[in-house]
Amino acid sequence: MMGDIEQLARPRLLEALEPQPSDALLAIIGMVRRDPRPHKIDLGVGVYRDAAGNTPILRSVKKAERLLNETQETKSYLGGEGDVRFVELMRELAFGPGTDDRFIGLQTPGGCGALRLGVDLIRLANPAARVFIGQPTWPNHIPLVTVAGLEVVEHPFYDRDTQRILFDEMMTALEGAQAGDIVLVHGCCHNPTGADLSPEHWDALAEIVTRRGLIPFVDLAYQGLGHGLEQDAAGARLVIAASDQALLAHSNDKNFGVYRDRVGSLHVKAPTAQIAATAYSNLLVLARTMWSMPPDHGAAVARLVLDTPELAADWRAELNEMCTRIRGLRARLADFDPRLAYIDEQNGMFSMLPLSPDAVAELRESEAIYMAGSGRFNVAGLSDHNVDRFASAVVERLPA
Ligand code: LMR
């Protein structure tokens, strides 16, 4: 009897949960793995592949890993800030030389960790801040902002059918933002469209952000894979230089090819060095409640690469090789059919095809070609031997 009463009084917990669909993008990894067809083409998740279709560890990274293995004497904790030298090097890579003590940064687990930490800082400082996000965007942007408790304002960014950036519509939306609202922008290699803001767009963005007191939050996850390290950071640098406060989430997963090591950093620019120091102390508290201390290996490797001149030069050459190969694939797709010409104007790993969901499913089923349901495909996943087969399968299915 007593047992029954206890049973009834027991509070519900797990029973209250609703089943969730699996992440549509990450689900492609499993679908490709299970597909036995040898000619399958995986253009789902953003991972670089070489001409032979492999994702090898970069030479410079492999050498730094050996060096680290030989020289690292302890695996003891580094502290909540992570690898401080790594963060310094990434600050220089993102902002160029000459940042001052209004800039602070923290190592994070990948670019996603940096975005989430940044959003949590915003919420702590101003829970009423709204985050303006152009559509379409990386599918994880909106969930990670809303789960942190901030309001998202979606606005147009790109029209998939005409392959145009909807900049006027974006500016109109930002005219409706209030001082202190956040503008989340892709620094380069827009994910999922490949459509990057032009220098004139960046100028206009810098102007509106300054005039209306908005705060840019730049997601810079593909630096070096669009046109090169400097050019890919130019827009972010411009808009952040124009603002007295800004955030930048930096990822090295792609540009060092260390995807599963989850290497990233969050950088914040504050109006004064003192406010920057306070923001830093808050970031340390927030990070402590999420991951306590970031994983070391990938960041230590990236630091060793950049701090060792021969390895740094080799990494730059390897990055350049990846960038050049992606540009070559884009040019080849553009040459294949005039309807694919826009792909050559875009940058980085992704572009989007104006395919119906049925056409995407059909490509998967009859051609073993995998891409996101939105029509986003990973250009860097194509190989010399399958690019033409891909292009002809796609062109056949484009709307008339
Ligand atoms: C992608 O967009 O494919 C990558 O950023 C992987 C991810 O985490 O979604």
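Since we're looking at a predicted model, the values are computed, not measured.

Reading the values: rules and limits
- Residues numbered from 1 in each chain as written.
- Predicted model: local features only at pLDDT ≥ 70, side-chain atom pairs only at ≥ 80, totals over all residues.
- Heavy atoms only, no water.
- Helix = DSSP H or I, 4+ residues; strand = E, 2+ residues; numbered from the N terminus.
- Rg over C-alpha atoms; globule rule 2.2 N^0.38 Å.
- Buried < 20%, exposed > 50% of the residue type's maximum accessible area, 1.4 Å probe, protein only.
- Contact = heavy atoms within 4.5 Å.
- Areas by Shrake-Rupley, 256 points an atom, 1.4 Å probe, with all protein chains shown as cover.
- Lys, Arg positive; Asp, Glu negative; His and termini not counted.
- Charge placed at Lys NZ, Arg CZ, Asp CG, Glu CD.
- Pairing = 2+ DSSP bridges.
- Right-handed = clockwise from strand over helix to strand, strands pointing away.
- Domains from an automatic or database assignment.
- Buried area = accessible area lost by both parts, 1.4 Å probe.
- Salt bridge = Lys/Arg side-chain N within 4 Å of Asp/Glu carboxyl O.
- Polar contact = N/O pair within 3.5 Å; in protein donor to acceptor, adjacent residues only side chain to side chain.
- Disulfide = S-S within 2.5 Å.
- Near = heavy atom within 4 Å.
- Nonpolar A, V, L, I, M, F, W, Y, C, P; charged D, E, K, R; others polar.
- Axes fitted to C-alpha atoms, helices over the stretch in contact; angles between N-to-C directions.
- Expected span 1.5 Å × (residues − 1).
- Bend = angle between axes of the 7 residues up to and from the residue.
- Parallel < 35°, antiparallel > 145°, perpendicular 65-115°, else oblique.

Some words on the overall build of the chain
No. 1: Broken down by element type, the chain carries 14 helices and 13 strands.
No. 2: For the chain, whose C-alpha radius of gyration is 22 Å, the value lies close to the compact-globule estimate of 21 Å for 400 residues.
No. 3: Over its C-alpha atoms, taken along the principal directions, the chain stretches across nearly 75 × 55 × 55 Å.
No. 4: By the burial criterion, 54% of the 400 residues in the chain qualify as buried.
No. 5: The contacts of the chain with a sequence gap of at least 6 include a subset with a gap of at least 24, amounting to 75%.
No. 6: If you sum the accessible surface of the chain, you get close to 18400 Å²; carbon and sulfur atoms cover 55% of it.
No. 7: Charge-centre separation for the chain: the mean point of 39 positive side chains lies 3 Å from the mean point of 53 negative side chains.

Side note on the pairing of strand β8 (residues 215-220)
In the case of a regular strand, side chains alternate between the two sheet surfaces.
No. 1: Across the six residues of β8, six count as buried, placing the element largely inside the fold.
No. 2: Along β8, one buried face is formed by I215, F217 and D219 and the opposite face, lined by P216, V218 and L220, is buried too.
No. 3: Summarising the sheet, strand β7 (residues 182-186) and β8 pair through five bridges and their orientation is parallel. When the sheet's bridge partners are listed, H186 is paired in β8 with D219.
No. 4: Traced from β7 through helix α8 (residues 199-212) to β8, the parallel crossover comes out right-handed.
No. 5: Pairing of β8 with strand β9 (residues 246-251) involves four bridges; the strand directions are parallel. Bridge pairing links V218 to L248 in β9.
No. 6: As a crossover connection, the stretch from β8 through helix α9 (residues 229-241) into β9 is right-handed.

With respect to the domain arrangement of the chain
No. 1: Assigned domains within the chain: domain 1 (2-58 + 312-395) and domain 2 (74-309).
No. 2: Computed from C-alpha coordinates alone, the two centres of domain 1 and domain 2 are separated by 23 Å.
No. 3: Opposite the 29 residues of domain 1 that make contact, domain 2 presents 31 residues.
No. 4: Surface buried jointly by domain 1 and domain 2 totals about 2500 Å² across both partners, of which 61% is contributed by carbon and sulfur atoms.
No. 5: It is W315, N347 and M352 in domain 1 that bury the most area against domain 2; as a group they hold 25% of the surface buried on that side.
No. 6: Where domain 1 packs against domain 2, one counts zero salt bridges.
No. 7: Remark: the boundary between domain 1 and domain 2 carries 16 residue pairs in polar contact (both at pLDDT 80 or more).
No. 8: Where the side of domain 1 that touches domain 2 is concerned, the elements lending two or more residues are α12 (309-336) and β11 (350-352).

Points about the state of the cysteines
No. 1: If you walk through the whole model with that rule in mind, you get zero disulfides.
No. 2: Unpaired in terms of disulfides, C188 finds its nearest cysteine sulfur in C189, a separation of 3.7 Å.
No. 3: You can call C188 buried: its relative accessible area is 3%.

Regarding helix α14 (residues 387-397)
No. 1: Among the residues of α14, those classed as buried are V387, F390, A391, A393, V394, V395 and R397.
No. 2: In this fold, the buried residues of α14 make contact with β1 (41-42), α12, α13 (357-367), β12 (369-370) and β13 (376-378).

Let's talk about the environment of A300
No. 1: One can find A300 in helix α11 (residues 297-307).
No. 2: Distance in space between the C-alpha atoms of A300 and Q72 is 9.7 Å, their sequence separation being 228 residues.

Some details on the site of the ligand
No. 1: The environment of the ligand is formed by L25, V45, G46, W138, N191, Y222, K254, F350 and R376.
No. 2: Between an oxygen atom of the ligand and a main-chain N or O atom of G46, the distance comes to 2.7 Å.
No. 3: In this structure, K254 approaches the ligand through a side-chain N or O atom, which is 3.1 Å from an oxygen atom.
No. 4: Protein contacts shield 79% of the accessible area of the ligand, which totals 260 Å² for the unbound molecule.
No. 5: Here the shell around the ligand is built from residues that sort into five nonpolar, two polar and two charged.

Some words on the sheet that holds strand β10 (residues 263-269)
No. 1: Taken together, the seven strands give an open sheet; going across it, the order is β2-β10-β9-β8-β7-β3-β4, and neighbouring strands pair in mixed fashion. The sheet terminates laterally at β2 (103-109) and β4 (151-156), the two strands that pair on one side only. On average, each strand axis in the sheet is tilted by 20° relative to the strand beside it, whichever way the strands run.
No. 2: Bridge count for β9 against β10 is six bridges, and the pairing is antiparallel. Within β10, the residue paired with L247 across the bridge is V268.

A look at the pairing of β7
No. 1: Counting buried positions over the five residues of β7 gives five, a clear majority of the element.
No. 2: The two faces of β7 match: I182, L184 and H186 on one face and V183 and V185 on the other face are all buried.

Thoughts on α9
No. 1: Its 13 residues place the ends of α9 18 Å apart at the C-alpha level, agreeing with the 18 Å of an ideal helix rising 1.5 Å per residue.
No. 2: Along its length, α9 reaches its greatest deviation from straightness, about 35°, at G235.
No. 3: Within the span of α9, buried status applies to L229, D232, A233, G235, A236, R237, V239 and I240.

What to know about the packing of helix α3 (residues 59-71) against α11
No. 1: The contact between α3 and α11 brings their axes to 9 Å, and the two run at 105°. Our classification of the angle between α3 and α11 gives roughly perpendicular. Facing S60, V61, A64, E65, L67 and L68 of α3, the residues of α11 in contact are H297, A300, V301, L304 and V305.

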